[in-house]
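# Descriptive structure summary
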Amino acid sequence: MRNETKIVVSGRSPELYGGAVNTPVVRTSTVIARNMAEWDRLAEPGYKGLIYGRLGTQTVQSLEAAIADLEGAEAAFCFPSGLNANIAGIMSFVSAGDHVLVTDTVYGPVRRYLDNELKRFGIEVTYYDPRLGAGIAALIRDTTRVVYTEAPGSLSMEMQDIPAIAAAAHARGAIVAMDNTWATPLYFSAIAHGVDVSIQSATKYIVGHSDVGMGIVSASGEAAAQVKKFRNNYGLMSSPDDAYLAARGLRTLHVRLRQHQQTATGLATWLGRQPEVEKILYPALPEDEGHAIWKRDFTGASGLFTVLLRPMPAAVYAALIDGMELFSIGASWGGFESLIMPVHPEKVRSATPWTHEGPVLRFHAGLEDPADLLAGVEAGFRAMRAAAAAAG
Ligand SMILES: *Cc1c(COP(=O)(O)O)cnc(C)c1O
C-alpha cells in the first residue's frame, strides 16, 4: 500500500464502532473491571485493552496505529506537545554520565531545554554542524547514547546526510533520533533511512488546522519500549479530543502537502528574483545548498522556507512585513493559513557561525489561492520600496 492510501485507511476500525468511519472520541479516566479475573488481566504485560485514561483510549491508540504504519515503525506514542516528543526522543535513552550529540540547528526550545534542564542531570551535550555527514564519527564518544538530527534545520534549513550519520552512530552503538516535522513521514521515510526514533510535531502538518498541540514519537523494538516507559513514567498523554482532531487532519495530509509545496515553490522562486533578496533557503530549489541530499532522500517539500534579505533599515523591513497582505505574523506553521515570522538564527546556534547580515524572514505558504498570495507578497515589496525611497 502506498503512503497516500495508508493515510486514508490506517488506524480505522469501523466494525468496532457500529460502522462509524472515524474512531470516536472515547473519554474516560477510570476503566472498570467486572470481576477479579478481569481486573488481574489489566495488569498483565502486553495487555492491549484500556487500562487507565492517562495511558490512552481508543482515540489515541487508533491515531498512533495510523502514524506507526505510515512511519514503518512498530509503535507510535502521542505526547501533549511537539517539544515533549523532542525531549522524549533524547531523555528516554540517557542517564547521568552519558553524552548526546545534537544538531546545531535544532528547534530552539529543544536547545533551551538541553541547556537549562539536561545539564542538571549530569548529561553532556555537544552541538555539531548539521552538514557534517559521515564526519560525525569524529565526535562520537564511548558515552554517546543519542545522535539527534533535524532536517532541514530550524530557521536556517540545512539538510543533513541522515544515512551517513546513522551509519556512523550505529557503528558506535548510539541511537539516532530525528525531528522530521518539516517533511512529515510522507516526504521523508526517516526510519527507512536509518533513523531509530522519528519525531513529529503533529501540531504542524498532521493536525494541519492550527487548533491542536501534539507530538508523536515512532520507534521499534527496544527503543519503542524505552519511549513508552518514559511517557508512562512521566504521565504524558494527549487528550482524546486532540487525538480525534489530529486523526482528522491526517486523512488529508497528502493532498494539503502537495498544495503547500506548489505554492511555496512559486513564492520562493519569485522572491529569489527580487534585488532586495540575497538568498532563499528551501531545499527544493536547485540552487539550494542542500538540494542534492533533498533530491536523493526526500520525495517532496513542504510549505516552510526562509528568505535572507539584504541589510535594510528597521522601518523599511517593518514596511515589508506590515505591507504583505494575507500573511499574518505568527509562530508555528503547517496550518492552512499563510504566515510570516521575523527570525534570528544567530541566537540559536553555537557550533556554526551565522554570517548573513540582513534580516531573516520565514514564510509558511498556506492553502490560499497562490495568485492571491503572490499579490500579497508583491504588495509588501511595493510598501518596502516606498518606505526605502521616503527614507532616501
Ligand atoms: C513547532 C516545532 C516543534 C515543537 O512543537 P510544539 O507542538 O509547538 O511543541 C518541534 N520541532 C519543530 C521542527 C517545530 O517546528
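This one's a predicted model, so the numbers in the text were calculated from it and none came from an experiment.

## A closer look at the site of the ligand
Surrounding the ligand, one finds S81, G82, L83, N86, Y107, E150, D179, S201, T203, K204 and W333. Contact between the ligand and D179: a nitrogen atom at 2.6 Å from a side-chain N or O atom of the residue. A distance of 2.6 Å separates an oxygen atom of the ligand from a polar side-chain atom of K204. Burial of the ligand by the surrounding chains reaches 87%, relative to a free accessible area of 380 Å².

## Quick notes on the pattern of salt bridges
Should their charged atoms come close, side chains of opposite charge can pair. Throughout the structure, instances matching the rule amount to 15 salt bridges. Linking E64 and R231 is a salt bridge whose minimum nitrogen-to-oxygen distance equals 2.9 Å. Residue E64 is found in helix α3 (residues 58–71), and its partner R231 is found in helix α8 (residues 221–234); the two are separated by 167 residues along the sequence. Using a relative accessible area of 10% as the deciding quantity, one classes E64 as buried.

## Things to note about the environment of P130
Take P130: it is sitting in the loop between β3 (124–128) and β4 (144–150). Spatially, the C-alpha atom of P130 lies 20 Å from that of G300, the residues being 170 residues apart in sequence. Other than its neighbours up to four places away in sequence, P130 contacts T103, D104, T105, E158, M159, Q160 and T352.

## Considering the packing of aromatic side chains
If you walk through the whole model with that rule in mind, you get 9 aromatic pairs. Ring geometry for W182 and F298: centres 6.3 Å apart, planes at 50°, overall tilted. With a gap of 116 residues between them, W182 in the loop between β5 (175–179) and α7 (184–187) and F298 in the loop between α11 (291–297) and β9 (304–309) connect regions that are remote in the sequence. In this structure, W182 and F298 share a single accessibility class: buried.

Rules behind the numbers
Residues numbered from 1 in each chain as written. Predicted model: local features only at pLDDT ≥ 70, side-chain atom pairs only at ≥ 80, totals over all residues. Heavy atoms only, no water. Near = heavy atom within 4 Å. Polar contact = N/O pair within 3.5 Å; in protein donor to acceptor, adjacent residues only side chain to side chain. Areas by Shrake-Rupley, 256 points an atom, 1.4 Å probe, with all protein chains shown as cover. Salt bridge = Lys/Arg side-chain N within 4 Å of Asp/Glu carboxyl O. Helix = DSSP H or I, 4+ residues; strand = E, 2+ residues; numbered from the N terminus. Buried < 20%, exposed > 50% of the residue type's maximum accessible area, 1.4 Å probe, protein only. Contact = heavy atoms within 4.5 Å. Phe/Tyr/Trp six-rings, centres within 6.5 Å; stacked < 30°, edge-to-face > 60°.

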